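One-letter residues, chain by chain:
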Amino acid sequence: MNYTFVSATILLILITDPIGNIPIFANALKHVAPERRPKVILREILIAFALLLTFMFVGESFLRVMNLSELSLQIGGGVILFLIALRMVFPPAATAEGEIMAEPLIVPLAIPAVAGPSALATVLLLVSQQPDRRMEWIGALCVTMLVSAVVLVSAERIQRIIGDRLVVAAERLMGLVLVSVAIEMMLRGVKTFVQQVAAVA
């Protein structure tokens with residue numbers, strides 16, 4: 001499945017889901033001073049960016065060490081994307097987890113809110129399929145992190161302007177698009193697998 005710079009950027013934005021992360025960041029930063037929140041958000045975005053960038057460079061080595069094929073990564077990544085997309089469309093009921101009283105560091109904002117399993121699998125997939133276009137994927141990742149930073153730093157303003165209902169509606173829409181992307185990824189992987197089996201037979 002070949003991606004362009006634009007399609008890879010859109011895919012990464014859908015997966016990192018900055019709109020859907022607004023409530024997560026708002027809850028995690030509830031006990032952080034308002035003037036401190038933008039700095040914390042930018043720090044967490046940079047940590048997530050560093051992790052995803054690292055995976056872009058060690059992705060091929062990781063696949064070799066784990067003895068994984070690009071095909072298994074594509075199908076597995078599609079399954080993960082599908083599950084993530086379903087959670088965006090049908091979010092689980094709120095659980096009675098304890099509130100984070102201290103300033104969050106790395107968990108749960110950088111990981112897994114921004115750099116979750118689906119994002120890590122996607123950057124691995126991009127680089128493993130087209131390693132010669134690594135600089136384009138790095139550019140797509142930079143744009144994605146910039147969009148996430150702008151949206152999350154402006155989260156309170158966005159919520160006030162468009163309201164919680166539109167935020168939820170936007171997340172559902174992003175989830176629907178991501179479901180289609182995940183199914184397409186799985187179908188292409190299965191098609192390639194069937195072709196390989198037929199060729200061997």
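Look a little higher up for the structure.
Thresholds, definitions, all that
Residues numbered from 1 in each chain as written. Predicted model: local features only at pLDDT ≥ 70, side-chain atom pairs only at ≥ 80, totals over all residues. Heavy atoms only, no water. Helix = DSSP H or I, 4+ residues; strand = E, 2+ residues; numbered from the N terminus. Rg over C-alpha atoms; globule rule 2.2 N^0.38 Å. Buried < 20%, exposed > 50% of the residue type's maximum accessible area, 1.4 Å probe, protein only. Contact = heavy atoms within 4.5 Å. Core = buried A, V, L, I, M, F, W, Y, C linked by side-chain atoms within 4.5 Å. 1 Å grid on protein atoms, 1.4 Å probe; cavity = no way out; pocket = protein on both sides within 12 Å on 5 of 7 lines; lining within 4 Å. Points joined across faces, edges and corners; volume = space filled by probe spheres on them. Expected span 1.5 Å × (residues − 1). Axes fitted to C-alpha atoms, helices over the stretch in contact; angles between N-to-C directions. Parallel < 35°, antiparallel > 145°, perpendicular 65-115°, else oblique. Left-handed = near helix turned anticlockwise from the far one by under 90°. Nonpolar A, V, L, I, M, F, W, Y, C, P; charged D, E, K, R; others polar. Patch = residues over 30% accessible without salt bridge, like charges linked within 9 Å, V, L, I, M, F, W, Y side chains within 5 Å. Areas by Shrake-Rupley, 256 points an atom, 1.4 Å probe, with all protein chains shown as cover. Salt bridge = Lys/Arg side-chain N within 4 Å of Asp/Glu carboxyl O. Polar contact = N/O pair within 3.5 Å; in protein donor to acceptor, adjacent residues only side chain to side chain.

### Description of the overall build of the protein chain
Part 1: Of regular secondary structure, the protein chain possesses eight helices and zero strands.
Part 2: Starting at the N terminus and ending at the C terminus, the protein chain contains elements arranged as α-α-α-α-α-α-α-α.
Part 3: Whereas a compact globule of 201 residues would reach a radius of gyration of roughly 17 Å, the protein chain reaches 18 Å, a difference of no more than 12%.
Part 4: C-alpha extents for the protein chain along the principal axes are approximately 65 × 30 × 30 Å.
Part 5: For the protein chain, the residues scored as buried account for 40% of the 201 residues in total.

### Describing the environment of C142
Part 1: Checked against the element boundaries, C142 lands in helix α7 (residues 134-153).
Part 2: When the C-alpha positions of C142 and T9 are compared, they lie 8.9 Å apart, and in sequence the two are 133 residues distant.

### Considerations on the side chain of N21
Part 1: Within the secondary structure, N21 sits in helix α2 (residues 18-28).
Part 2: Each residue touching N21, except ones within four places of it in the same chain, is listed here: T16, A113, V114 and L152.

### So, the nonpolar core
Part 1: Counting residues in each nonpolar core, the largest one holds 52 residues, and the members touching the most others are F25, L52 and L178.
Part 2: Going through the elements one at a time, α1 (5-16), α2, α3 (37-65), α4 (70-89), α5 (109-114), α6 (117-129), α7 and α8 (155-200) are the ones with two or more residues in this core.
Part 3: The residues touching L52, leaving out its near neighbours within four places in the chain, are A115, A119, L120, V123, L141 and M145.

### A short note on the layout of surface pockets
Part 1: Put simply, the second largest pocket is a space of about 230 Å³.
Part 2: If you trace the second largest pocket, you find 16 residues lining it, with R37, I41, L152, V153 and E156 closest to the centre.
Part 3: Elements that contribute at least two residues to the lining of the second largest pocket include exactly α2, α3, α7 and α8.
Part 4: The leading source of residues in the lining of the second largest pocket is α8, at four residues.

### Overview of α7
Part 1: Here α7 is 20 residues long and its end C-alpha atoms lie 28 Å apart, about the 28 Å a rise of 1.5 Å per residue gives.
Part 2: Listing the buried residues of α7 in full gives R134, W137, I138, A140, L141, T144, M145, S148, A149, V151 and L152.
Part 3: Check the buried side of α7 and you find it contacts α1, α2, α3, α5, α6 and α8.

### Considerations on the packing of α1 against α7
The description of two packed helices rests on the angle between their axes and on the distance between the axes.
Part 1: Taken N-terminus to C-terminus, the directions of α1 and α7 make an angle of 40°; their axes are 9 Å apart at the nearest point. Overall, the two elements α1 and α7 adopt an arrangement that is oblique. Every pair of crossing elements has a handedness; the one defined by α1 and α7 is right-handed. Between α1, through F5, A8, T9, L12, I13 and T16, and α7, the contact on the second element is made entirely by E136, W137, G139, A140, L141, V143, T144, M145, V147 and S148.
Part 2: Looking at side-chain class alone, the contact of α1 with α7 contains ten nonpolar, five polar and one charged residues.

### So, a nonpolar patch on the surface
Part 1: Side chains of F5, V6, I10 and V143 sit close together on the surface and give an oily, nonpolar patch of about 320 Å² of accessible area.
Part 2: It is α1 that contributes the most residues to the nonpolar patch, three residues altogether.
Part 3: Tracing the backbone shows F5 in helix α1.
Part 4: F5 sits in the partly exposed class, given a relative accessible area of 34%.

### A look at the environment of Q196
Part 1: Locating Q196 in the fold gives a position in helix α8.
Part 2: For Q196 and V58, which are 138 residues apart along the polypeptide, the C-alpha to C-alpha distance reads 27 Å.

### What to know about the side chain of Q130
Part 1: Along the chain, Q130 falls in the loop between α6 and α7.
Part 2: Reaching out from Q130, the side chain makes a polar contact with the backbone nitrogen of Y3 at a distance of 3.4 Å.
Part 3: When sequence neighbours within four positions are dropped, the list of residues in contact with Q130 reads N2, Y3 and W137.

### As for α4
Part 1: A rise of 1.5 Å per residue sets the reference length of α4, with its 20 residues, at 28 Å; its end C-alpha atoms lie 28 Å apart and thus fit the reference within 8%.
Part 2: Those residues of α4 that are buried lie in contact with α1, α3, α6 and α8.

Take it as geometry only, folks, not as evidence of what the structure does.
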